[in-house]
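Descriptive structure summary
The primary structure of each chain is shown beneath.
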Amino acid sequence: MALFPVISNFQHDFVLLLVPVDTENTMDEVAATAAHHSVGTRVAPQPDKVIRVRRQGAAEFFPRNARLAETDIRPMETLEFIFCDA
Amino acid sequence: MVEIHPGIRENPNATKGNAMALLDRSEWYDIARATNWTPKFVTDAELFPDVMTGAHGVPAEKWEVYDEPYKTSFPEYVSIQREKDAGAYSVKAALQRSRIFEDADPGWRSILKSHYGAIALGEYAAMSAEARMTRFGRAPGMRNMATFGMMDENRHAQLQLFFPHEYCPKDRQFDWAHKAYHSNEWAGIAARHTFDDLFMARSATEIAVMLTFAFETGFTNMQFLGLAADAAETGDYTFSSLISSIQTDESRHAQIGGPALQVMIANGKKAEAQKLVDIAIARAWRIFGVLTGPAMDYNTPLEHRKQSFKEFMQEWIVGQFERALIDLGLDLPWYWEKMINEFDYQHHAYQMGLWFWRPTLWWNPAAGVTPDCRDWLEEKYPGWNDTFGKAWDVIIDNLVKGRPERTAPETLPIVCNMSQLPICAIPGNGWNVKDYPLDYEGRLYHFNSEIDRWVFEQEPTRYRDHMSLVDRFLAGQIQPPDLMGALAYMGLAPGEMGDDAHGYAWVDAYRQMRRAAE
Ligand SMILES: [Fe+2]
Ligand SMILES: [Fe+2]
């Protein structure tokens, strides 16, 4: 359990955001925290989709149940949050 | 662009019938301002250290060809400045009892507040910069011109502190004309960071190039000519005459840089000169993008807009300034096409940031997105509705449906480690937002674009230790670590923090549209 700040670059939003998450969070939980700041705020919801996480510029997404501490994501690294088919 | 005062060629004394005949200025000026001498007690290098002159080793005699295009004597300067000040103050006095301030659109008052807070104390920074050229300019003509420039900038600071002062009892946000630079408000940090870099922490030659040539010839037209036109349209003749008066000084002392660049280029220092120009334009563009862009395209009431910000940039930067660069023998900055491409979107993104984080401002931003405004935006910026409009749709939906809390900031935007402005770009269906990170000496920096990152890379030791607002937040300097803590850190007292300029009255048009559709 440790506070872990990341940068959210959320698909269809206009700005990078500071998002505090926790090392124990899974990627789905990280995505939910990022979504709280963008979806329904400046990004229209897409209820039939899931939000996947990848490193900025990467082709591959992190596994949805991977915990932050298990990845090589650095604090304050920019992550992309992308609407994907479930 | 340069306004030559009709009386400038005459000695003011010579017009008086009983005055003794005086030489015409052109007959004595060159000798009188030739103030170079051979020092006997110290060496020339001690008197004019390269670190302060920025001469890049170009010796004193090579600077003697420096020929300022605009010449004036001290009596001429004083008499003309007296007339200018009398003009601006008398317009203010004449309109003192008019109701322009009360009757103007609230968006217009917001432009005044943002302008005074961002500019008034920046004039002091420019005054210090001119003072450095007055002492360490390598050419006598440059020192002479800068002496007048220094007095100009002092005049600008006083005018732009005095004019808003009378509004303070009516509206506390006007106090930020003086307060902004002394605070940790984010736009204040951004302005300070830029002006410290371009005006304060530079040598005389660097100032000539970065402040007078790049910033003033290139960009102050944006704020001063652009807003003067909008002010006249709005009926605010006090502001219009004030900033037109300032601009006549700017167009004179902005000419300090051109001949300095000619000397550098003629002595094999083109690459050094080009780099200074490129850095200064990159930084100036960000400041005007956040200040003038939203002012012209969102805060100025629709019916009073003369040109879009993009049209203005194309006329002044692409049309006029580009030619000034080429005429001097410089190249266009390597990022020129990238920057022109940003004219389509960067200031729309800044506007969304300003409005969304409105409690963190010392002015009340106008949303500027009524259905009519959106038609105008779509016409001037085709595709606006499909990009920025998509994000505004969600905001408007929350306001229409009575969820204003969903339009309030809950976290910080990431700010660029160069511009100190939010890293932002196109939302919606044109989504192109991207971080431009840099790992330097173990610290991870974030930039808004390749251009901002390039500026950092030109001299990392100059910039590396600065902490952005986000860096300070993460270091625990902002307590409690929430919005209220951030507002307190920024010095925004209740009654000062920004809110929607029109009190959300513009949302009614959307409520009616929905009702009609149901
Ligand atoms: Fe000025
Ligand atoms: Fe100036």
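Nothing here was measured: the structure is a model prediction, and the numbers come from that model.

Analysis parameters
Residues numbered from 1 in each chain as written. Chains lettered and ligands numbered in written order. Predicted model: local features only at pLDDT ≥ 70, side-chain atom pairs only at ≥ 80, totals over all residues. Heavy atoms only, no water. Phe/Tyr/Trp six-rings, centres within 6.5 Å; stacked < 30°, edge-to-face > 60°. Helix = DSSP H or I, 4+ residues; strand = E, 2+ residues; numbered from the N terminus. Lys NZ or Arg CZ within 6 Å of the ring centre and 35° of its normal. Domains from an automatic or database assignment. Contact = heavy atoms within 4.5 Å. Buried area = accessible area lost by both parts, 1.4 Å probe. Salt bridge = Lys/Arg side-chain N within 4 Å of Asp/Glu carboxyl O. Polar contact = N/O pair within 3.5 Å; in protein donor to acceptor, adjacent residues only side chain to side chain. Nonpolar A, V, L, I, M, F, W, Y, C, P; charged D, E, K, R; others polar. Axes fitted to C-alpha atoms, helices over the stretch in contact; angles between N-to-C directions. Parallel < 35°, antiparallel > 145°, perpendicular 65-115°, else oblique. Left-handed = near helix turned anticlockwise from the far one by under 90°. Pairing = 2+ DSSP bridges. Buried < 20%, exposed > 50% of the residue type's maximum accessible area, 1.4 Å probe, protein only. Donors = N, O, S within 2.8 Å, 3.2 Å for Na, K, Ca; no water. Core = buried A, V, L, I, M, F, W, Y, C linked by side-chain atoms within 4.5 Å. 1 Å grid on protein atoms, 1.4 Å probe; cavity = no way out; pocket = protein on both sides within 12 Å on 5 of 7 lines; lining within 4 Å. Points joined across faces, edges and corners; volume = space filled by probe spheres on them.

Here we take up the packing of aromatic side chains. Residue and element names in this part refer to chain B. In this structure the tally under the stated criterion is 37 aromatic pairs over all chains. Geometrically, the ring pair formed by Phe215 and Phe288 is tilted, given 5.2 Å between the ring centres and 50 degrees between the ring planes. On the criterion of sequence distance, the pair formed by Phe215 in helix H11 (residues 204–234) and Phe288 in helix H14 (residues 270–299) is long-range, its members being 73 residues apart. The rings of Phe195, Phe199, Phe215, Phe219 and Phe288 are connected pair by pair, giving a single aromatic cluster. The ring of Phe101 carries the charged tip of Arg109 above its face, separated from the ring centre by 5.4 Å.

The next point concerns the domain arrangement of chain B. Residue and element names in this part refer to chain B. Per the domain assignment, the segments making up chain B are domain 1 (8–53) and domain 2 (74–517). Here the C-alpha centre of domain 2 lies 36 Å away from the C-alpha centre of domain 1. Listed per partner, the contact involves 18 residues of domain 1 and 16 residues of domain 2. Roughly 1,400 Å² is buried in total at the junction of domain 1 and domain 2, and carbon and sulfur atoms are behind 51% of that figure. At the boundary of domain 1 and domain 2, one finds 2 salt bridges. Note that Asp44 is salt-bridged to Arg138, the shortest N-O span being 2.3 Å. At the boundary of domain 1 and domain 2, one finds 8 residue pairs in polar contact (both at pLDDT 80 or more). Those elements that place two or more of their residues in the side of domain 1 that touches domain 2 are helix H1 (25–32), helix H2 (44–47) and helix H3 (50–53). Among the elements that line the side of domain 1 that touches domain 2, the one with the most residues is H3, at 3 residues. When grouped by side-chain class, the residues that make up the side of domain 1 that touches domain 2 number 9 nonpolar, 4 polar and 5 charged.

With that settled, consider the packing of helix H17 (residues 346–356) of chain B against helix H19 (residues 388–400) of chain B. All names here are of chain B. Their axes nearest at 11 Å, the elements H17 and H19 cross at an angle of 20 degrees. Judged on the interaxial angle alone, H19 and H17 are roughly parallel. Taken as a pair, H17 and H19 cross one another with a handedness that is left-handed. Where H17 approaches H19, its residues His348, Ala349, Gln351, Met352, Trp355 and Phe356 are matched on the opposing element by Phe388, Ala391, Trp392, Ile395 and Leu399. Taken together, the residues of the contact of H17 with H19 sort by class into 9 nonpolar, 2 polar and no charged.

Residue and element names in this part refer to chain A. Strand order in the open sheet formed by 4 strands is E2-E1-E4-E3, with mixed pairing between adjacent strands. In this open sheet, the two strands that pair with only one neighbour each are strand E2 (17–22) and strand E3 (49–55). Neighbouring strand axes in the sheet, compared pairwise and without regard to direction, differ in orientation by 45 degrees on average. Relative to E2, strand E1 (residues 3–10) is paired through 6 bridges, and the arrangement is antiparallel. Note on E2: the bridge partner recorded for Phe4 is Val21.

To continue, consider the environment of Leu161(B). Residues and elements named next belong to chain B. Topologically, Leu161 is positioned in helix H8 (residues 140–165). Considered as a pair, Leu161 and Asp175 are 14 residues apart in the sequence and their alpha carbons are 9.2 Å apart. Setting aside residues up to four positions removed in sequence, Leu161 forms contacts with Ala120, Leu121, Tyr124, Ala177 and His178.

If you look at the interface, chain A gives 27 residues, while chain B gives 35 residues. Interface of chain A and chain B: buried area, both sides summed, is about 2,500 Å²; carbon and sulfur atoms make up 62% of it. Broken down residue by residue, the surface that chain A buries against chain B is led by Phe14(A), Leu18(A) and Arg42(A), which jointly contribute 28%. Linking chain A with chain B are 1 salt bridge. In this structure, Arg74(A) and Asp439(B) form a salt bridge, with 2.7 Å as the shortest nitrogen-oxygen distance. On the surface where chain A and chain B come into contact, there are 17 residue pairs in polar contact (both at pLDDT 80 or more). Elements supplying a minimum of two residues to the side of chain A that touches chain B: E1, E2, helix H1 (27–38) and strand E4 (78–85) of chain A. Across the side of chain A that touches chain B, the residue classes tally to 14 nonpolar, 9 polar and 4 charged.

Of the consecutive residues Gln479(B) and Pro480(B), the connecting peptide bond is found in the cis state with omega at -15 degrees. Here Pro480(B) lies in the loop between helix H22 (469–474) and helix H23 (483–489). The backbone of His12(A) sits at a positive phi, close to 75 degrees, despite the residue not being glycine. Position of His12(A) relative to the elements: it lies in the loop between E1 and E2. Positioned with a positive phi, Glu441(B) is a non-glycine residue whose angle comes to about 50 degrees. Structurally, the position occupied by Glu441(B) is in the loop between strand E1 (436–440) and strand E2 (443–447). Taking relative accessible area as the criterion, Glu441(B) reaches 60% and is therefore assigned exposed.

For the rest of this paragraph, the subject is the coordination of the iron ion (ligand 2). Residue and element names in this part refer to chain B. Within the protein, the iron ion (ligand 2) binds to Glu153 (OE), Glu216 (OE), Glu250 (OE), Glu250 (OE) and His253 (NE2); these donor distances fall in the range 2.0 to 2.4 Å. Of note, the donors binding the iron ion (ligand 2) are all from one chain and are spaced E-x62-E-x33-E-x2-H. A separation of 3.3 Å is found between the iron ion (ligand 2) and the iron ion (ligand 1), which share Glu153 as a coordinating residue. Pair noted here: Glu153 is in helix H8 and Glu250 is in helix H12 (residues 237–253), with a separation of 97 residues, a long-range link. Residue Glu153 shares its accessibility class with Glu250, and that shared class is buried.

Glancing now at the nonpolar core. Generally speaking, soluble globular proteins have nonpolar side chains that are buried together. The biggest cluster of nonpolar side chains holds 157 residues, and the ones touching the most others in it are Phe81(A), Phe199(B), Ile281(B), Trp392(B) and Trp506(B). Once residues within four sequence positions are removed from consideration, Trp506(B) is found in contact with Trp355(B), Ala367(B), Val369(B), Thr370(B), Ile396(B), Leu399(B) and Asp500(B). Phe163(B), Ala231(B), Ile243(B) and Ile246(B) belong to the second largest nonpolar core, which has 24 residues in total.

Let's shift gears to empty space enclosed by the protein. All names here are of chain B. Tallied over the entire structure, the rule returns 7 cavities of 30 Å³ or more. In this structure, the largest cavity encloses a volume near 150 Å³. Lining the largest cavity we find 15 residues, and of these Ala118, Ala187, Ile287, Val290 and Leu291 sit closest to its centre. Ranked by residue count, the leading element in the lining of the largest cavity is helix H10 (residues 186–200), at 5 residues. Of the residues contributing to the lining of the largest cavity, the split by class is 14 nonpolar, 1 polar and no charged. Empty space within the second largest cavity amounts to approximately 130 Å³. In this structure, the second largest cavity is lined by 13 residues; those nearest its centre are Ile119, Glu123, Phe199, Phe215 and Thr220. Of all the elements in the fold, those that place two or more residues in the lining of the second largest cavity are helix H7 (106–136), H10 and H11.

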